[in-house]
Amino acid sequence: MPELPEVESLRASLARTLVGRTCLSVEVREQRLRRRVDPVALGALVGRKFVAVGRRGKYLLIELSGQLLLLVHLGMSGSLTRRQSDLTPAGLSVRHDHLTLALDDGSRLVYNDPRRFGLVRLLSLGERDSAPELRILGAEPLEDRFNGGWLWRQARRRRAALKNLLMDQRIVAGIGNIYAAEILFCAAVRPTRRSSRLTREQAARIVEATKQVLQRSIGRGGTTFRNYLDGRGVPGRFAAELQVYGRAGKPCRRCRTPIGVARLGQRATFYCPKCQR
DNA sequence: CGTTCCACCTGCCAGC
DNA sequence: TGCTGGCAGGTGGAAC
C-alpha cells in the first residue's frame, strides 16, 4: 500500500502529535508479520518518551528516549493510527490490530495490517546505519544525491525495464507501483524502456518528475487508492490526481488516447501509449 | 552479478 | 446467492 508520500504524510502527522508523549504499555496481539514481532524486545518501550519521527524510503523511524528506534514498515496493507477512543476507525478491522501502544494522554497508537506483510522491529539508535533493512536502501528521491547524472549512471549498466529500476529500493528508496507509473507518465517515458537505453535528457526529466510527483502527493496527504489511512484514520487526496495508475482503457488526461496496461515483473503497469515513448 | 519468479497473507470483486 | 480465480500500494530468497 504505502509508498514514500504516504509514509512521509504519516511521519509528519506523528511528529506533530506523538513527540513528547510517553509509552505506558505495549500489547502484541499478533506476532506473525513479515518478520516475527518480538514482544519481549518491544517491552523496552514502556516508560520511554517519543523524541522524533523520521523516515527512510518506505520505513518509518520512531525515535524514543533511551536511544531506542522503532522501525515500522507498512507493507501492502498496514496502517499506524493514533486513536483517542476504543473504536477502530472505519475501514479497519479490529481483528488486524496487531500491536497497540498505550500513551500517557489516554490515546493509543495502533498498528493494523490485514495481509501482515509489514514489519515492526525495535533497534538501538546506533543500529540505524547497520540494520539490514535500512543498509541496502539507495538514494532518497527528494535529496540532491538523486539527480539526472546519477540516475543515468545507475541506469546505463542495467538492462531491465526502467520501471523496475525506479522500484528497486537499492537504487532509489520509496517509489512503488503507483508512483513509478505516475512519475514515468509525468516524464513522458515508457515504463517498458530498457534502463540501459535511457538518455541523459530522459534521466533528468525522470528526476524532475519524481520530485514533483512525490512532493505534490505529500501535499495531498498521499494516495488512497484502496484502503490507505493516515495517522488520524483519514484517506489521502492524491488519488483524484492520478494520471495513469488504475486507469486502463480510460482516456489519457493529456491526449485522450486510451491508457494501456502491461505486466512488468508481475505488476500491472499503466502508461499512455502516445504520450510516453 | 543482474534478472526473474515465487511465496508470504487477507480482502475484495468480477464472472460464472 | 454462492463459489472461484485473479488481483492488490511490498519485499526477499531461490533459481537461472
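Residues numbered from 1 in each chain as written. Chains lettered and ligands numbered in written order. Predicted model: local features only at pLDDT ≥ 70, side-chain atom pairs only at ≥ 80, totals over all residues. Heavy atoms only, no water.

Observations regarding the overall build of chain A
Item 1. The number of helices and strands found in chain A is 7 helices and 10 strands.
Item 2. Its C-alpha atoms give chain A a radius of gyration of 19 Å, within 12% of the compact-globule value 19 Å for 277 residues.
Item 3. Taken along the three principal axes of its C-alpha coordinates, chain A extends 55 × 40 × 30 Å.
Item 4. Buried positions account for 53% of the 277 residues belonging to chain A.
Item 5. Taking contacts inside chain A between residues at least 6 apart in sequence as the whole, the part at least 24 apart equals 63%.
Item 6. Charge centroids of chain A, computed over 51 positive and 24 negative side chains, lie 10 Å from each other. (Helix = DSSP H or I, 4+ residues; strand = E, 2+ residues; numbered from the N terminus. Rg over C-alpha atoms; globule rule 2.2 N^0.38 Å. Buried < 20%, exposed > 50% of the residue type's maximum accessible area, 1.4 Å probe, protein only. Contact = heavy atoms within 4.5 Å. Lys, Arg positive; Asp, Glu negative; His and termini not counted. Charge placed at Lys NZ, Arg CZ, Asp CG, Glu CD.)

A closer look at the nonpolar core
Item 1. Core analysis: the largest hydrophobic core is formed by 39 residues, its most contacted members being F146, L151, L162, I175, Y179, I183 and I206.
Item 2. Those elements that place two or more of their residues in this core are helix 4 (148-156), helix 5 (162-167), helix 6 (177-186) and helix 7 (200-219).
Item 3. Residue contributions to this core peak at 7 residues, all from helix 6.
Item 4. The residues touching I206, leaving out its near neighbours within four places in the chain, are L151, L162, L166, I183, L184, A187, V189 and L198.
Item 5. Among the nonpolar cores identified, the runner-up in size contains 27 residues, and V7, L103, L122 and Y228 belong to it. (Core = buried A, V, L, I, M, F, W, Y, C linked by side-chain atoms within 4.5 Å.)

Description of the environment of R253
Item 1. Within the secondary structure layout, R253 lies in the loop between helix 7 and strand 9 (260-264).
Item 2. Note: C-alpha distance between R253 and Q243 (10 residues apart in sequence) is 6.5 Å.
Item 3. Setting aside residues up to four positions removed in sequence, R253 forms contacts with A240, L242, Q243 and R247.
Item 4. Reaching out from R253, the side chain makes a polar contact with the backbone oxygen of L242 at a distance of 3.0 Å. (Polar contact = N/O pair within 3.5 Å; in protein donor to acceptor, adjacent residues only side chain to side chain.)

Things to note about the domain arrangement of chain A
Item 1. Assigned domains of chain A: these are domain 1 (4-135) and domain 2 (148-271).
Item 2. Taken over C-alpha atoms, the centre of domain 1 sits 27 Å from the centre of domain 2.
Item 3. On the domain 2 side, the residues contacting the 17 residues of domain 1 number 18 residues.
Item 4. Interface area, domain 1 with domain 2, both sides summed: about 1,400 Å², of which 64% is carbon and sulfur. (Domains from an automatic or database assignment. Buried area = accessible area lost by both parts, 1.4 Å probe.)

Some remarks on the protein's contact with DNA strand B
Item 1. Around DNA strand B, a shell composed of R95, H96, P114, R115, R116, F117, R158, R159, A160 and Q266 is seen.
Item 2. The sugar-phosphate share of atoms of DNA strand B within 4 Å of the protein amounts to 48%.
Item 3. Between R95 and DNA strand B, the recorded distance is 3.0 Å, taken from a side-chain N or O atom to a phosphate oxygen.
Item 4. Here a sugar or linking oxygen of DNA strand B sits 3.4 Å away from a polar atom, N or O, in the main chain of P114. (Near = heavy atom within 4 Å.)

Looking at the packing of helix 1 (residues 4-17) against helix 7
Item 1. The N-to-C vectors of helix 1 and helix 7 enclose an angle of 40°; their axes lie 9 Å apart at closest approach. When the axis of helix 1 is compared with that of helix 7, the two are oblique. As helix 1 packs across helix 7, the resulting crossing turns out to be right-handed. Contacts from L4, P5, E6, E8 and S9 of helix 1 reach helix 7 at L214, S217 and I218.
Item 2. The class makeup of the residues in the contact of helix 1 with helix 7 is 4 nonpolar, 2 polar and 2 charged. (Axes fitted to C-alpha atoms, helices over the stretch in contact; angles between N-to-C directions. Parallel < 35°, antiparallel > 145°, perpendicular 65-115°, else oblique. Left-handed = near helix turned anticlockwise from the far one by under 90°. Nonpolar A, V, L, I, M, F, W, Y, C, P; charged D, E, K, R; others polar.)

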